[in-house]
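# Summary of structural features
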Amino acid sequence: MEIKREDILHLANLSNFSLSEAEIEKLGGDLQDIIKYISQLDELNTDSVEPTYQVFEMENVWRDDEILVQDANREELLALTKEEKDNQIKVPKVL
Amino acid sequence: MKIANKTVTATQLVKDALDKAKHFADYNIFTYVNEEGALKKAAEIDAKIARGEEVGRLAGVPFAMKDNFLSPEGETTASAHILEGFTSPITATAIEKLEKEGAIMIGRTNMDAFAHGSSTENSYFGPTLNSHDRERVSGGSSGGSAVAVALDIVEFATGTDTGGSIRQPASFNGVYGLKPTYGTISRYGVVAMASSTDCVGFFTKTPDDMNLLMEVASGQDPKDLTTLPDYYNESEAKKVKKIGIIKDFDNESVDAEIRQALKTKCEDLKAKGCEIVELEMPALKYALAAYYIIVPAEIASNLSRYDGVRYGFRSEDSANLEDLYPNTRSEGFMPENKRRIMIGNFVLSSGFYDAYFLKAAKARTLIVNEYLEAFSKCDAILTPVAPNPAFKLGEKVNDPVSMYLEDVMSVPLNLAGVPGLTIPAGETASGLPIGLQLVGPRRSDKTLIEFSKELM
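## Considering the overall build of chain A
Broken down by element type, chain A carries three helices and two strands. In chain A, the succession of helices and strands from N to C terminus is α-α-α-β-β. Within chain A, buried positions represent 32% of all 95 residues. Accessible area of chain A: about 7100 Å², with a carbon and sulfur share of 48%. For chain A, the centre of its 10 positive side-chain charges and the centre of its 23 negative side-chain charges are spaced 13 Å apart.

What follows is the structure, given as structure tokens:
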């Protein structure tokens, strides 16, 4: 399939990117090449084949419903943010 | 490996490693050198030895840690701008286990940002040079770790392998590199790339060192519910008698010297009484396409957490919160990160999900089944790791698909969850290392490590 400029903008939006014009052009070409390559899967017959999403041999690993002690406390986690005030993470205005 | 004792002190081992790290600084191996922290730990171990107290199995052994392992020593950046300034309050389980046995981290190693790449050229900090030829790539994504071991700076290094990121750089630098069975080593505290294929593993100079590290680091972890119940230490190495070779991998697109190295090893094995079995695995041809659908989809999901709010880099001067996210992500991610996130969102988006993601998941079933069938005919498979030895810096960096083709023989294992061990297999006429990979059924890690001694 052909990847158009509006497709790139749509994918950038889904990915939360704001791209420069140069990036739109470069990524457009790259993504076209990659999609062409991965589209060769069309050749493979997968009729009546069940999908595999994980190769871990177990399912539904349960643990007791207890609160575990976390390795990092609130102060340590808040120290990682750029701006903090009154135990809250500060961000630019929302509206 | 050299372990500290009364005559060889931990301080001396660590000092030697730090000196060598400085000596090879222009290879751009380390994103952080842990000089102060490492010497302090070494002194503590030496004091214990002097007092006659018990020390661990890796006492005073200097190691290098890929920059996607979390620990409070140095910033954990995964060689990505968007994690700049992030010093982790927690330690990865694998690192905790190594340190409990006395191993000492002397530096964090360079990698393709978020482990997206096969050459370490996608690092925010620039590429790591190949240990044998400074004009060539180190391989990737764990390039820094492979070179740190190959140049004998450290006894071992940690890595992660999502589609070949341990095995390919090991092969490009002439060292051992193991991608264990999926779920063998805890991923708690490791920067996530693709959760259904990510594995923690090691680079070493000998099979015995690899075995020791697996004994220490493997096992179930309550903090990572995708770790398998302990099996490694209880497992026994099985005798390998039948070796499979994959017919489709013996073609013109694979370097002639690598194909010759494989043939030579097969002859050696025959002389030792092994049987060589030719395998037909037709779905493997599609493994790379399936991989570059499934993995970007998981990347798009895992990397959506990087928003500049809670940790790491934050774009300055955003007018409002809605601008902060795209500004931070656009400035913080490398071009290859962006390509993979966008491809992931493409294959998951409505209208394309069935044709790409679901199709790839079905292809994955066929690949898993082909391995199961192959291992009913042989005990282990021997193949090249990559189609070529280390390539020139800059050669593939502007052509994403040609870079992806590097992974064509390494990704099938990750899709199936089976283990693979890169073994050194000589050098090309121009002196570049050649590596081959031994592949076995799930939980055959110890068998592969033991068998690799027969291929030395």
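## Concerning the packing of aromatic side chains
The way to describe two aromatic rings as a pair is by their centre distance and the angle between their planes. The tally for this structure, following the rule as stated, stands at 20 aromatic pairs over all chains. Between Phe56(A) and Tyr182(B), the aromatic rings sit 6.3 Å apart at their centres with planes inclined by 80°, giving edge-to-face as the arrangement. You can see Phe56(A) sitting in the loop between helix H2 (21-38) and helix H3 (74-78) and its partner Tyr182(B) sitting in the loop between strand E5 (176-179) and strand E6 (199-204), one on each of two chains. We note that Phe56(A), like Tyr182(B), is buried.

## Points about unusual backbone geometry
All names here are of chain B. Each neighbour pair has its own omega, and for Gly 140 with Ser 141 the value is 10°, a cis peptide bond. Mapped onto the fold, Ser 141 is located in the loop between strand E3 (104-109) and helix H4 (143-150). Although it is not a glycine, Asn 28 sits at a positive phi angle of roughly 60°. Within the secondary structure, Asn 28 sits in the loop between helix H1 (10-23) and strand E1 (30-33). Phi angles above zero are rare outside glycine, and Thr 120 is one such case at about 65°. In this structure, Thr 120 sits in the loop between E3 and H4. Classification of Thr 120 by relative accessible area gives buried; the value is 0%.

## Here we look at the sheet that holds E5(B)
Residues and elements named next belong to chain B. Strand order in the open sheet formed by eleven strands is E1-E3-E2-E4-E6-E5-E10-E11-E9-E7-E8, with mixed pairing between adjacent strands. Looking at the sheet topology across the chains shown, the edges are occupied by E1 and strand E8 (275-279). On average, each strand axis in the sheet is inclined to that of its neighbour by 30°, with strand direction left out of account. Packed onto the sheet, helix H2 (residues 35-50) meets E1 and E3 and runs at close to 160° relative to E3. On top of the sheet, helix H7 (residues 256-271) reaches strand E7 (242-246), E8, strand E9 (380-384), strand E10 (420-427) and strand E11 (433-439); it is set at about 55° to E11, its chief contact.

## Things to note about the packing of helix H10 (residues 335-348) of chain B against helix H11 (residues 353-377) of chain B
Residues and elements named next belong to chain B. At their nearest, the axes of H10 and H11 sit 7 Å apart, and the two run at 105° to each other. It follows that H10 is roughly perpendicular to H11 by the angle criterion. Side by side, H10 and H11 meet where Phe 346, Val 347 and Leu 348 of the first sit next to Tyr 353, Tyr 356 and Phe 357 of the second. The residue makeup of the contact of H10 with H11, split by class, is six nonpolar, no polar and no charged.

## Observations concerning the pairing of strand E2 (residues 62-66) of chain B
Two faces, one strand: in a regular strand the side chains alternate between the faces of the sheet. Residues and elements named next belong to chain B. Most of E2 is tucked away: five of the five residues are buried. Residues of E2 alternate between two faces, with Pro 62, Ala 64 and Lys 66 on one and Phe 63 and Met 65 on the opposite face, all of them buried. Here E2 pairs with E3 via five bridges, running parallel. Across the sheet, the residue bridging to Lys 66 is Thr 109, located in E3. As for the winding sense of the linkage, the β-α-β connection from E2 through helix H3 (residues 93-100) to E3 is right-handed. Pairing geometry for E2 and strand E4 (residues 156-161), over two bridges, is parallel. Counterpart to Ala 64 in the pairing with E4 is Ala 157.

## A closer look at the environment of Glu84(A)
Here Glu84(A) shows up in strand E1 (residues 84-85). Beyond its immediate chain neighbours, meaning those up to four positions away, Glu84(A) contacts Leu78(A) and Lys90(A).

## Re the nonpolar core
In this structure, Ile38(A), Leu41(A), Leu98(B), Phe114(B), Met342(B), Tyr371(B) and Ile381(B) are the most contacted members of the largest nonpolar core, which totals 134 residues. Top element by residues in this core is helix H8 (residues 287-302) of chain B. It accounts for twelve residues. Not counting residues up to four positions away in its chain, the partners in contact with Leu41(A) are Tyr286(B), Ala289(B), Ala290(B), Ile293(B), Lys359(B), Ala360(B) and Ala363(B). Phe24(B), Tyr27(B), Ile106(B) and Ala170(B) belong to the second-largest nonpolar core, a separate cluster that totals 32 residues.

Thresholds, definitions, all that
Residues numbered from 1 in each chain as written. Chains lettered and ligands numbered in written order. Predicted model: local features only at pLDDT ≥ 70, side-chain atom pairs only at ≥ 80, totals over all residues. Heavy atoms only, no water. Helix = DSSP H or I, 4+ residues; strand = E, 2+ residues; numbered from the N terminus. Buried < 20%, exposed > 50% of the residue type's maximum accessible area, 1.4 Å probe, protein only. Areas by Shrake-Rupley, 256 points an atom, 1.4 Å probe, with all protein chains shown as cover. Lys, Arg positive; Asp, Glu negative; His and termini not counted. Charge placed at Lys NZ, Arg CZ, Asp CG, Glu CD. Phe/Tyr/Trp six-rings, centres within 6.5 Å; stacked < 30°, edge-to-face > 60°. Pairing = 2+ DSSP bridges. Axes fitted to C-alpha atoms, helices over the stretch in contact; angles between N-to-C directions. Contact = heavy atoms within 4.5 Å. Parallel < 35°, antiparallel > 145°, perpendicular 65-115°, else oblique. Nonpolar A, V, L, I, M, F, W, Y, C, P; charged D, E, K, R; others polar. Right-handed = clockwise from strand over helix to strand, strands pointing away. Core = buried A, V, L, I, M, F, W, Y, C linked by side-chain atoms within 4.5 Å.

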